[in-house]
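Architecture and fold: a report
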Amino acid sequence: MTALALCRFAHFLAAMLAFGMSAYLWLYAPERLRLALSPVVRRLALIASLGALITAVAWLALESASMADDWSAAIDPEAIGAVLTDTAFGHAWAAHLILAAALVLVVIFEPRARWVATAVASAALLASLGLVGHAAMQTGAEGVLHRMNHAVHLLTAGAWIGGLVPFAMCLSAYRRDDLRKDAVQAMMSFSFWGQFIVAAIVLSGAVNIALTSGRAPIPPTTPYRALLVAKIISVGIMIALAIVNRYVLAPRLKSSATALAALRLTSAAEVALGCVVIALVSVFALLDPA
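Counting of residues starts from 1 at the beginning of each chain's written sequence and follows it residue by residue. Local features in this predicted model are restricted to residues of pLDDT 70 or higher, and side-chain atom pairs are both shown and tallied only at a pLDDT of 80 or more, whereas totals for entire chains, interfaces and linings draw on every residue. Computation of side-chain values covers all heavy atoms of the structure but excludes hydrogens and water.

Further remarks concern the overall build of the protein chain. Only DSSP runs of H or I covering at least 4 residues are called helices, and only runs of E covering at least 2 are called strands; the numbering of each starts at the N terminus. Within the protein chain, the secondary structure is distributed over nine helices and zero strands. Reading the protein chain from its N end, one meets helices and strands in the order α-α-α-α-α-α-α-α-α. As a reference, a globule follows 2.2 Å times the number of residues to the power 0.38, and the radius of gyration itself is taken over C-alpha atoms. Expected size for 290 residues packed as a compact globule is a radius of gyration near 19 Å; at 20 Å, the protein chain falls within 12% of this value. Seen along its three principal axes, the alpha-carbon backbone of the protein chain occupies a region of about 60 × 50 × 35 Å. Working rule for contacts: check all heavy atoms of both residues, and any pair within 4.5 Å makes them a contact. For the protein chain, restricting intrachain contacts to residue pairs at least 6 apart in sequence, the fraction spanning at least 24 positions comes to 75%.

Right, let's talk about the packing of helix α2 (residues 31–68) against helix α3 (residues 77–86) for a bit. Taken N-terminus to C-terminus, the directions of α2 and α3 make an angle of 95°; their axes are 9 Å apart at the nearest point. It follows that α2 is roughly perpendicular to α3 by the angle criterion. Contacts between α2 and α3 pair Leu60, Ala61, Ser64 and Met67 from the former with Ala79, Ile80, Val83 and Leu84 from the latter. Of the residues contributing to the contact of α2 with α3, the split by class is seven nonpolar, one polar and no charged. Note on geometry: axes are C-alpha line fits, over the in-contact stretch for helices, and angles between N-to-C directions span 0 to 180 degrees. We call two directions roughly parallel when the angle between them is under 35 degrees, roughly antiparallel when it is over 145, roughly perpendicular when it lies between 65 and 115, and oblique otherwise. Three residue categories are used. Nonpolar comprises Ala, Val, Leu, Ile, Met, Phe, Trp, Tyr, Cys and Pro, charged comprises Asp, Glu, Lys and Arg, and polar comprises the others, including Gly.

Each cavity reported here is a set of points on a 1 Å grid over the protein atoms alone in which a 1.4 Å probe fits but cannot get out, each pocket an open set with protein on both sides within 12 Å along at least five of seven lines, and each lining residue one with an atom within 4 Å of a point. Grid points are joined across faces, edges and corners, and a volume is the space filled by probe spheres set on the points. Looking at the largest pocket, its volume works out to about 670 Å³. In this structure, the largest pocket is lined by 36 residues; those nearest its centre are His153, Asn208, Lys231, Val281 and Phe284. For the lining of the largest pocket, the secondary structure elements donating two or more residues are α1 (2–27), α6 (140–173), α7 (180–212), α8 (223–249) and α9 (257–284). Top contributing element to the lining of the largest pocket by residue count: α8, with eight residues. Partitioned by chemical class, the residues of the lining of the largest pocket number 25 nonpolar, nine polar and two charged.

All right, on to the packing of aromatic side chains then. Here a Phe, Tyr or Trp ring, Trp counted by its six-membered ring, pairs with any other such ring whose centre lies within 6.5 Å, and the pair is stacked when the planes are under 30 degrees apart, edge-to-face when over 60, and tilted otherwise. As enumerated under the stated definition, the model contains eleven aromatic pairs in all. Residues Phe192 and Trp193 carry aromatic rings whose centres are separated by 5.2 Å and whose planes lie at 80° to one another, so their mutual orientation is edge-to-face. Burial here depends on accessible area, computed with a 1.4 Å probe over protein chains only, as a share of the maximum for the residue type. Under 20% is buried, over 50% is exposed, and the range in between is partly exposed. Phe192 sits in the partly exposed class, given a relative accessible area of 35%. Consider the rings of Phe192 and Phe196, whose centres lie 5.5 Å apart with planes at 70°: the pair is edge-to-face. With Phe192 and Phe196 both in helix α7 and four residues apart, the pair spans about one turn of that helix. Cluster of aromatic residues (ring-pair linked, three or more members): Phe12, Trp59, Phe89 and Trp93. A cation over a ring is seen here: Arg42 above Trp115, with NZ or CZ 3.9 Å from the ring centre. Think of it as a cone above the ring: NZ of Lys or CZ of Arg counts as a charge over the ring if it is within 6 Å of the ring centre and within 35 degrees of the ring normal. Sitting above the plane of the Tyr174 ring, Arg180 keeps its charged end 5.2 Å from the centroid.

Time to look at α2. A rise of 1.5 Å per residue sets the reference length of α2, with its 38 residues, at 56 Å; its end C-alpha atoms lie 51 Å apart and thus fit the reference within 8%. Phi turns positive, to about 55°, at Asp69, one or two residues after α2. Every helix has an expected span of 1.5 Å times one less than the residues it contains.

Here we come to the environment of Val281. Mapped onto the elements of the fold, Val281 is located in helix α9. For Val281, a relative accessible area of 19% gives the class buried. Taking the C-alpha atoms as reference points, Val281 and Tyr224, separated by 57 residues in sequence, lie 9.7 Å from one another.

All right, on to the pattern of salt bridges then. One speaks of a salt bridge when a side-chain nitrogen belonging to Lys or Arg is within 4 Å of a carboxyl oxygen belonging to Asp or Glu. In this structure the tally under the stated criterion is four salt bridges. Measuring nitrogen to oxygen at the nearest pair gives 3.6 Å for the salt bridge that ties Glu110 to Arg42. Here Arg42 lies in helix α2 and Glu110 lies in the loop between α4 (88–109) and α5 (116–128), a separation of 68 residues in the sequence. For the pair shown, Glu110 and Arg42 are each scored as buried. For Asp178, the salt bridge identified is with Arg176, shortest N-O distance 2.8 Å. Look at Asp178 and you get partly exposed, because its relative accessible area is 36%.

Here it is as structure tokens:
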């Protein structure tokens, strides 16, 4: 389970970074800022997309070993083929692998300063993760609702966590006279729409809990509940930091020399907490939701 959890963590993180970074440059960054940030973000997006593809293949191999209860099944083409053709996970994962490969190609061939295709391709990859895991337990209308809700949860989480990377780059761009106005505009747009993104994360997360276990994870008497509570607390701290960023630090950027440094610190803390949240999800998604 440890290897699968680590693989899941790396895959979720790569997919969320690819989506969040590309969506930020597409939707929030003015053209001059987008041109300035694109070379670095394009390299990061390529690393993320390749990471997503590699870990998608590894995830399939590890699922094959888990289903067969035999490590040799991870490198057995026949066993892996059986997973792809004979299981619901395999059917969903075949499409996911195609999306992962397509994302790599889009990142490579899309014009350097254009991000719409990368954002759309990475959104499709990230949303398709809603077809596996606990969301795939139900059938019928409830199953469709759970999968759709989980896709929304993943996309909004990716928009927030992945978007923090170019947000941090904007803090560096703020020091340049020619980019300061554009950097402020991008950061304020991200901060404004972030309010609705966070609300969607909280709402879709609550629906996920209701559809998965049917009750709040209180008291945290099982490993699943304990890790879920830890995730909720971590997200709560992230929300508190985001509120401080928007309503305390951002308005003081022009008048306080320490506000920029504080924003960098709180943004780094949000990224770190985001990684903790992804790690917790990567583990408790493998547990019985009791």
